[in-house]
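# Descriptive analysis of the structure
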Amino acid sequence: MNDVQTSTPADEIPFRYTAGLAAQIEQRWQDEWDRRGTFFTPNPSGPLTDAEGRHADPAKPSYFVMDMFPYPSGAGLHVGHPLGYIATDVVGRFRRMCGDNVLHALAFDAFGLPAEQHAIATGQHPRANTEANIAIMQRQLRRLGLAHDPRRSFATIDDSYVRWTQWIFLQVFNAWYDEAAVRPDGGVGRARPIAELEAELAAGTRPVPAGVDGVPAGAAWADLDRVARRRVLDAHRLAYLADTPVNWAPGLGTVLANEEVTADGRSERGNVPVFKRNLRQWNMRITAYADRLTDDLDGIDWPEKVRSMQRHWIGRSTGATVRFDVVGGELLEVFTTRPDTLFGATFMVVAPEHPLLDEVPAAWPDGTHEAWTGGHESPAAAVADYRRYAAGRTAVERQADAGRKTGVFTGHLAVNPVTGTPLPVFTADYVLMGYGTGAIMAVPGGDERDYDFATTFELPVVYTVDGEGDGARTGDGAIINSANEGLDLNGLDVPAAKAAMIAWLAARGVGEETTTYRLRDWLFSRQRYWGEPFPVVYDEDDQPIALPDSALPVTLPEVPDFSPRTYAPDDADSSPEAPLGRNDDWVHVTLDLGDGPRQYRRDTNTMPNWAGSCWYHLRYLDQVSPDVLVDPALDRYWLGPGHGSQPAGSVGGVDLYVGGVEHAVLHLLYSRFWHKVLYDLGYVSSSEPFHKLFNQGYIQAYAYTDDRGVYVPADEVEEDAAAPEGYAWHGEAVHREYGKMGKSLKNVVTPDDMYTAYGADTLRVYEMSMGPLDLSRPWDTRSVVGSQRFLQRLWRNVVDERTGELVVVDDAPDEATLRVLHATIAGVRADMEAMRENTAIAKLIVLNNHLTTLDRVPRAVVEALVLMVAPIAPHIAEELWSRLGHERSLIDAPFPVADERYLVAETVTCVLQVAGKVRGRAEVDPQTGAQELEALALADPGVQRALAGREVRKVIVRAPHLVNVVPA
RNA sequence: GCGUGAGUGGCGAAAUGGCAGACGCGCUGGCUUCAGGUGCCAGUGCCCGCAAGGGCGUGCGGGUUCAAGUCCCGCCUCACGCACCA
């Protein structure tokens, strides 16, 4: 079989593994898998069994592998999209062959803006278009041969799914956060049903909290009327309506979450300006979980990058609150992480939006520095002018001159509690209303921003940390200049000084230790059509009432127009107007919610796109139980702490979750939050949804422009040494750039292109062999042929290309072949377990290439090879397996296990070095002793030549691999 | 500025502190072919050399070590994320 090939043209060789044959094999096996129910994953109980009607074998560990599910876009797939799906499929198939009960399926994240925009443009209902896109995508993905349980697929727009999304919303709505309650995992603080709060308030075991609008301080529950009671409860809910500053995007006609607004104050989608507006909107109290969302990052197996991004987004920072007396009035509260520097505070700064500025002194105090007034006659004029200036500045402008400090004196003076010195209070836009208290004590001696401001406005600098030179001293050092009659910090280090200062402040009631967060509550309503309606109605008091389970799902009404009312992108004074409000019959309903039929008004907002993706991992487990979100037995089996082969003490969750890093703080934070609420309320047993997270890299591509900057088809560009950059298109020199694949860049390569030219298995092998999975890499169609050659050679090692007959023999393999085989098995197993598919494939190629050197290929060896190839190239593996005489699919065949005896080589190459440089080699028995090796090395002509007569100072022997002779 | 990660042939990339460049693409030569954008065989880090052989080589500069792509210190560059967060 290894003769040089005959002269038969390729298309006349009937059994050559070409794209055409691959297509036949692939489609036949895909049909066969479907027909047999090969990918049916059995649950341990309930209706979902394997194809033979059996429940999960209790002896098998469970393994749940999951992809970040796709949005069914109409644009179609390019070869970058399947990368993660192929990788999880390889892992899932490998684990299944290793004996795990593997759960793997793929759903669709189908609510969202593109479908709505398509609907607006065409007038077609977004559901019709979305479902058509799903069908197209499912067909494209099926052709990859992914081992997904088809029964477990779904879309977030399915009524049966929306029903539970709305149900979860109601659990959040009907819950409050009890800071003192103990969780099952031993931690303190958890969500509890709001009914329990109501019962405690009614029983008087919990006092009515102060500070709720319309509820007098110290009121008894019994004295409150119906509306006031509901206000108290509503103020505790984890999903609540509040008139809060929100991100209003007039150009989109909707409000957005903080996470959806870019640093320069524009919408992440659509890139239109976003304005802060006070609007009554739904919020989720994610801030109640800020500590747990930060702390629990330590217990999950996630990339450090994502964990650090989440930590930073939550932005926990500990320090102190300090209250300053404002001369002639109120208190000014600040937050600082450096209370130890309070003796160095020489002025104060409040954000332009700070309420202290609503009233300012009538005249400048005596001795007001000329430069502080901004040239204004009075503080009121100066502040009003500065507020106008600050409000008109975009985030981009502010960012651009972050170094240049602007601001103005407010006329207020505030007394430093440790020195008794009155400090001028400025307003400046380098202090943000949204963080801390919106006010700071400025310590120019210890903070660079304060130092810049002090320099600009000629304010005094007091250093409280020992050091040298001008500028802020931000490093560590001994405390100086920090003593009053009752407190002496001098000589202490920073942590000790912080503690002493906090104790001093607390003792006088002017401050205390405080933790602040950057994280804000999650704005949860959108003025869009294509999303989940809120399962809530409003009564005549305009207070929200949860609909009963029996009313779920609340489905979308038919409306004449799907678009929200949009405005000029910079029309900041406009207001949102939701499309759902256009159907009066839907908005106004008569319902009997227990006290007779009454008129109610529906909520016309919809949930953000993230809602559906917050809990879809649970839906894969159980789409069958009609009365519970997820059957507790299934939850424990697939997700419970320590399930399957998760390490003892793990918090549970999906065993492997693969997706792009772009969801690091949006989806992944929201999903953790919901999962924790569900955990607190007892619906799931794991406190984290995703145990291991893996971020795959992106497949990128070159794009080419001509000298007008117009993109030319990338697949028609050729290398051309004569062109200035080395590339030409039809003889015209072009410029190369590197980035995404996209229609507009004319560089898209689709999976269908690859199916036609090479077949799905070749595409799978190529994508897995391009490099480590977490690295982004350029697509190179030219290189794909290498993967096809590998599969062709594999095929030829089993099947005669001309006759289609088997070429394997049942003879025992020779010793050398067995050594290569078992080394390959050991290496491939280790690589697969570590998700290093690229090096696994390299090892498989080495084994395969070895087999091509043999006259006849031993069955035992090639069968092991076929099994090892199966997770990566499943169709050709099934075909060869079946041609080798096996009736059952190899999907459950055990993955080969290496025989230790063959892992020890017969001879090893011992490297002979002089001064660390290789000067010779010797083939030796692995058992050769150190002395013998040393003698061997010293006698080696190469070593002798390199020594050139020099004395040998020392000889290092690492038997049997290396000898290093060190000359004097 | 802060955080995370990465810099190795023409290209994608391999390398428990122990032979740098596995495997693949491309390229060169050969075989097969009416033909080849097929298949097969061989070679391929750079420099000198006909060869044998030698020199150099993992972003830069130091260090530890018998031995460094790998460990330590200091830089540089790039990617991603965050960014006046008190």
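Everything numeric here is computed off the predicted structure, so don't read it as measured data.

## Observations regarding the pattern of salt bridges
Inspection of every chain in the model, using the stated rule, returns 58 salt bridges. Across the salt bridge formed by R127 and E131, the nearest N and O atoms sit 3.8 Å from each other. Placement of the pair is R127 and E131 together in helix α4 (residues 126–142), with a separation of four residues, close to one helical turn. Its relative accessible area of 39% is what places E131 among the partly exposed residues. For E304, the salt bridge goes to R311, with nearest N and O atoms at 3.2 Å. According to the relative accessible area criterion, R311 is partly exposed, its value standing at 26%.

## With respect to the environment of A497
Relative to the elements of secondary structure, A497 occurs in helix α13 (residues 494–508). Sequence-wise, A497 and L106 are 391 residues apart; in three dimensions their C-alpha atoms are separated by 55 Å. If near-sequence neighbours (up to four positions away) are discounted, A497 is found in contact with D340, I479, L489 and L492.

## A closer look at the sheet that holds strand β5 (residues 239–249)
Strand order in the open sheet formed by four strands is β6-β5-β7-β15, with antiparallel pairing between adjacent strands. Every interior strand has two partners, whereas the edge strands, β6 (254–256) and β15 (522–523), have only one. Direction of pairing for strand β7 (residues 275–284) relative to β15: antiparallel, over a ladder of two bridges. Following the sheet pairing, M284 is matched in β15 by W522. Contacting β5 and β7, helix α5 (residues 159–173) crosses the sheet at an angle of about 95 degrees to β7.

## Concerning the confidence of the model for chain A
For any part of a model where pLDDT is low, the fine detail of the predicted coordinates should not be relied upon. Overall, the prediction assigns chain A a mean pLDDT of 90, with 98% of residues at 70 or greater. Below a pLDDT of 50 lies the segment residues 1–10, which in the model reaches 15 contacts outside its immediate sequence neighbourhood of four places, other chains included. Model confidence for the complex: the whole-complex pTM is 0.93, and ipTM, which rates the interface, is 0.95.

## With respect to the protein's contact with RNA strand B
In the region of RNA strand B, 59 residues are neighbours, and H312, T337, R449, R789 and R921 sit closest. Put simply, 64% of the atoms of RNA strand B that lie within 4 Å of the protein are in sugar or phosphate. S783 has a polar side-chain atom sitting 2.9 Å from a sugar or linking oxygen of RNA strand B. Between RNA strand B and the protein, one listed contact pairs a phosphate oxygen with a side-chain N or O atom of N849 at 3.3 Å. Listing elements by their share of the surface near RNA strand B, those giving two or more residues are α9 (304–314), β9 (331–336), α21 (784–796), α23 (837–852), β31 (908–914), β32 (917–924), β33 (952–958) and β34 (962–967). If one sorts the elements of the surface near RNA strand B by residue count, α23 sits on top with six residues. Considered class by class, the residues forming the surface near RNA strand B number 23 nonpolar, 17 polar and 19 charged.

## Re the packing of aromatic side chains
This structure, assessed with the given rule, holds 45 aromatic pairs. Judged by centre distance (3.6 Å) and plane angle (10 degrees), the rings of F69 and Y616 are stacked. Residue F69 is located in the loop between β1 (62–67) and α2 (82–97), and its partner Y616 is located in helix α16 (residues 616–621); the two are separated by 547 residues in the primary sequence. Judged by its relative accessible area of 0%, Y616 falls in the buried class. Seen in terms of ring centroids, Y702 and Y738 are 5.0 Å apart; in terms of plane orientation they differ by 40 degrees. Their pairing is tilted. Taken as a pair, Y702 in strand β22 (residues 699–705) and Y738 in strand β27 (residues 735–739) lie far apart in primary sequence, 36 residues in all.

Rules behind the numbers
Residues numbered from 1 in each chain as written. Chains lettered and ligands numbered in written order. Predicted model: local features only at pLDDT ≥ 70, side-chain atom pairs only at ≥ 80, totals over all residues. Heavy atoms only, no water. Salt bridge = Lys/Arg side-chain N within 4 Å of Asp/Glu carboxyl O. Helix = DSSP H or I, 4+ residues; strand = E, 2+ residues; numbered from the N terminus. Buried < 20%, exposed > 50% of the residue type's maximum accessible area, 1.4 Å probe, protein only. Contact = heavy atoms within 4.5 Å. Pairing = 2+ DSSP bridges. Axes fitted to C-alpha atoms, helices over the stretch in contact; angles between N-to-C directions. pLDDT = per-residue confidence, 0-100. Near = heavy atom within 4 Å. Polar contact = N/O pair within 3.5 Å; in protein donor to acceptor, adjacent residues only side chain to side chain. Nonpolar A, V, L, I, M, F, W, Y, C, P; charged D, E, K, R; others polar. Phe/Tyr/Trp six-rings, centres within 6.5 Å; stacked < 30°, edge-to-face > 60°.

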